[in-house]
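# An overview of the molecular structure
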Amino acid sequence: MPPGVRLVQKVSSTRVFARIAPHVVPAMDRTVHRLTRGRVLLSAQMLPGVVLTVPGARSGQLRTTPLACMPQPGDGGPGNWILVGSNFGRPGHPAWTANLLAHPEAAVINWKGRDIPVRARLLAGEERAGVWEAALKFWPPYAAYQARIDREIRLFRLDAADPVDAAEPVEGRDGPA
């Protein structure tokens with residue numbers, strides 16, 4: 001575990017962090033990611049991260065959002081990724097979750113500087129319960145987030161859609177999130 005992770009976990013579990021972080025962390029991540037041409041994602045220094053690009057649920061315009069993820073290794077391929085719709089423990093579901101629900105086949109992630117088309121699937125039932133337990137071990141503050149809200153935090157599994165196209169750039173990547 002990198003130095004300072006426990007401190008960051010403690011701070012990120014607070015309500016103050018939940019009010020401030022959604023306005024600061026994604027903006028910093030998007031800027032640094034764009035300036036480094038996909039090579040650096042600041043929040044990924046603490047947790048693995050992807051930049052998700054998916055059409056908006058209502059507008060259809062591409063929306064780009066940096067997110068923490070739980071990478072799941074595959075058999076020789078990129079595997080899959082788990083995304084946790086915690087919204088820092090705030091009441092509403094994050095917008096990117098509605099976008100994935102509306103367009104599960106149209107998402108692309110940037111993972112370690114590579115664009116990878118993915119298929120998203122909302123997890124439910126026993127599968128969700130198992131992944132939730134893994135998520136709590138991966139990032140314990142998720143338990144504090146869930147305890148603060150009435151909604152169930154959405155979990156998505158992203159599977160690589162077409163490894164042949166995994167290096168293709170995504171048009172409109174730098175649009176608003």
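To keep things clear, this report deals only with the structure shown in the data block. Because the structure is a prediction, the values reported are computed rather than measured.

### Some remarks on the side chain of Thr-53
Within the element layout of this structure, Thr-53 appears in strand S1 (residues 49-55). Engagement of the side chain of Thr-53 in a polar contact is seen with the side chain of Thr-64, the distance being 3.3 Å.

### Structural notes on the sheet that holds strand S7 (residues 154-160)
Here 7 strands make up an open sheet; going across it, the order is S2-S1-S5-S6-S7-S4-S3 and the pairing antiparallel. The open sheet has two free edges, formed respectively by strand S2 (62-68) and strand S3 (70-72), since each of these has just one partner strand. The mean inter-strand angle of the sheet, taken between neighbouring strand axes irrespective of direction, is 30°. The pairing of S1 with S2 spans 7 bridges and is classified as antiparallel. Directly across from Leu-52, in S2, lies its bridge partner Thr-65. Along the sheet face, helix H4 (residues 125-138) touches S3, strand S4 (80-85), strand S6 (114-122) and S7 and points at about 95° away from the line of S7.

### A look at the nonpolar core
Formed by 17 residues in total, the largest nonpolar core has its most connected members in Val-50, Leu-52, Trp-81, Leu-83, Leu-100, Ile-109 and Leu-158. Looking at this core, the elements with two or more residues in it are S1, S4, helix H3 (95-102), strand S5 (107-111), S6 and S7. Setting aside anything within four residues of it in sequence, one finds Ile-109 in contact with Val-50, Val-51, Leu-52, Trp-81, Arg-114, Asp-115, Ile-116, Val-118 and Leu-158. Ranked by size, the runner-up nonpolar core spans 14 residues in total, among them Val-131, Ala-135, Ile-149 and Leu-155.

### Structural notes on the packing of aromatic side chains
Tallied over the full model, the rule gives 4 aromatic pairs. Seen in terms of ring centroids, Trp-81 and Trp-111 are 5.9 Å apart; in terms of plane orientation they differ by 65°. Their pairing is edge-to-face. Of the two residues, Trp-81 sits in strand S4 while Trp-111 sits in strand S5, which places them 30 residues apart along the sequence. For Trp-111, a relative accessible area of 13% translates into the label buried. Pairing Tyr-142 with Tyr-145 gives two aromatic rings, centres 6.0 Å apart and planes at 70°, and the pair type is edge-to-face. Pair noted here: Tyr-142 and Tyr-145 are both in helix H5 (residues 141-148), with a separation of 3 residues, about one helical turn. On the basis of relative accessibility, which here comes to 6%, the residue Tyr-142 falls in the buried class. Residue class for Tyr-145 comes out buried when judged on its relative accessible area of 3%. Within the aromatic cluster, the residues linked to one another by ring pairs are Trp-132, Tyr-142 and Tyr-145.

Thresholds, definitions, all that
Residue numbers here run from 1 along each chain, matching the order of that chain's written sequence. It should be noted that, the model being predicted, local features are given only for residues of pLDDT at least 70 and side-chain atom pairs only at 80 or more, the latter also being counted only at that level, while totals for whole chains, interfaces and linings use all residues. Computation of side-chain values covers all heavy atoms of the structure but excludes hydrogens and water. Runs of H or I in DSSP of at least four residues are treated as helices and runs of E of at least two as strands, each being numbered from the N terminus. Within 3.5 Å is the distance limit for a polar contact, defined as a pair of N or O atoms, with the added protein rule that one can donate a hydrogen and the other accept it, and that residues adjacent in sequence qualify only through two side-chain atoms. Pairing between strands requires that DSSP locate at least two bridges from one strand to the other. Where helices are involved, their axes are fitted lines through C-alpha atoms of the stretch in contact, as for all axes, and angles between N-to-C directions lie from 0 to 180°. Contact definition: two residues touch when any of their heavy atoms are within 4.5 Å. What we call a nonpolar core is a set of buried Ala, Val, Leu, Ile, Met, Phe, Trp, Tyr and Cys residues that are connected through their side-chain atoms within 4.5 Å. Categorising residues by exposure relies on relative accessible area from a 1.4 Å probe, with only protein chains included: less than 20% of the type maximum marks a residue as buried, more than 50% marks it as exposed, and the intermediate range marks it as partly exposed. Any pair of Phe, Tyr and Trp rings, taking the six-membered ring for Trp, is counted once the centres come within 6.5 Å. Such a pair is stacked with planes under 30 degrees apart, edge-to-face with planes over 60 apart, and tilted for the rest.

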